Amino acid sequence: MVIRRGVRSILIALALYLVSGAVVGYFLFHAQHGARGLEALGGLREKLGEMEVEIAALTAERQGWEKRLNLMRDQAVDRDLLEERGRAVLGRIHRNDVVVMGR
């Protein structure tokens, strides 16, 4: 009987350690490989870098458009810009312009 109690107490302690170790292992595995784990974090950081580059390009493009629009909005319209847009829209050329035809 005494031996049974000793073996039983050892087996119960061993079972508790195994179960708790398995639970900790489960959470550690999913912290590394899960949908919100460390590997997913690396992918999100890579996407963030790509999006920051795209935002910088779009910001530069927007600033260019705002600059052109400000030239059109002022009290005195920039004549060169107005002429350029008028020719592009109407498809007309001046008699002194040189037209280069390509393939």
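Residues numbered from 1 in each chain as written. Predicted model: local features only at pLDDT ≥ 70, side-chain atom pairs only at ≥ 80, totals over all residues. Heavy atoms only, no water.

**Description of the overall build of the protein**
Stage number 1. Counting its regular elements, the protein contains three helices and zero strands.
Stage number 2. When the helices and strands of the protein are placed in sequence order, the string is α-α-α.
Stage number 3. The C-alpha radius of gyration of the protein comes to 36 Å, more than 25% above the 13 Å expected for a compact globule of 103 residues.
Stage number 4. Its C-alpha atoms give the protein principal-axis dimensions of about 115 × 40 × 15 Å.
Stage number 5. Counting only residues that meet the buried cut, the protein has 3% of its 103 residues in that class.
Stage number 6. When the accessible surface of the protein is split by element, carbon and sulfur atoms take 62% of a total near 10200 Å².
Stage number 7. Charge-centre separation for the protein: the mean point of 16 positive side chains lies 12 Å from the mean point of 13 negative side chains. (Helix = DSSP H or I, 4+ residues; strand = E, 2+ residues; numbered from the N terminus. Rg over C-alpha atoms; globule rule 2.2 N^0.38 Å. Buried < 20%, exposed > 50% of the residue type's maximum accessible area, 1.4 Å probe, protein only. Areas by Shrake-Rupley, 256 points an atom, 1.4 Å probe, with all protein chains shown as cover. Lys, Arg positive; Asp, Glu negative; His and termini not counted. Charge placed at Lys NZ, Arg CZ, Asp CG, Glu CD.)

**Some thoughts on the confidence of the model for the protein**
Stage number 1. Per-residue pLDDT for the protein averages 86, and the proportion of residues at 70 or more is 96%.
Stage number 2. When pLDDT is averaged over each element of the protein, helix α2 (residues 38–73) comes out on top at 91 and helix α3 (residues 79–90) at the bottom at 79. (pLDDT = per-residue confidence, 0-100.)

**What about the pattern of salt bridges?**
Stage number 1. Under the defined criterion, the tally for this structure stands at one salt bridge.
Stage number 2. Across the salt bridge formed by Arg62 and Glu66, the nearest N and O atoms sit 2.8 Å from each other. With Arg62 and Glu66 both in helix α2 and four residues apart, this pair spans about one turn of that helix.
Stage number 3. The class for Arg62 is exposed, based on a relative accessible area of 56%.
Stage number 4. On the accessibility criterion, Glu66 (36% relative accessible area) is partly exposed. (Salt bridge = Lys/Arg side-chain N within 4 Å of Asp/Glu carboxyl O.)

**Considerations on the packing of α2 against α3**
Stage number 1. For the pair α2 and α3, interaxial distance at closest approach is 9 Å and the crossing angle is 105°. By the angle between their directions, the pair α2 and α3 is classed as roughly perpendicular. On α3, the residues that touch Arg68, Leu71 and Met72 of α2 are Leu81, Leu82, Glu84 and Arg85.
Stage number 2. Of the residues in the contact of α2 with α3, the class split is four nonpolar, no polar and three charged. (Axes fitted to C-alpha atoms, helices over the stretch in contact; angles between N-to-C directions. Parallel < 35°, antiparallel > 145°, perpendicular 65-115°, else oblique. Contact = heavy atoms within 4.5 Å. Nonpolar A, V, L, I, M, F, W, Y, C, P; charged D, E, K, R; others polar.)

**Focus on a nonpolar patch on the surface**
Stage number 1. Residues Ile3, Val7, Leu11, Leu14 and Leu18 make up a contiguous nonpolar surface patch of about 520 Å² in total accessible area.
Stage number 2. Take Leu11: it is sitting in helix α1 (residues 2–33). (Patch = residues over 30% accessible without salt bridge, like charges linked within 9 Å, V, L, I, M, F, W, Y side chains within 5 Å.)

**Section: the environment of Arg8**
Stage number 1. Tracing the backbone shows Arg8 in helix α1.
Stage number 2. When the C-alpha atoms of Arg8 and Arg92 are compared, they prove to be 100 Å apart, with 84 residues separating the residues in sequence.

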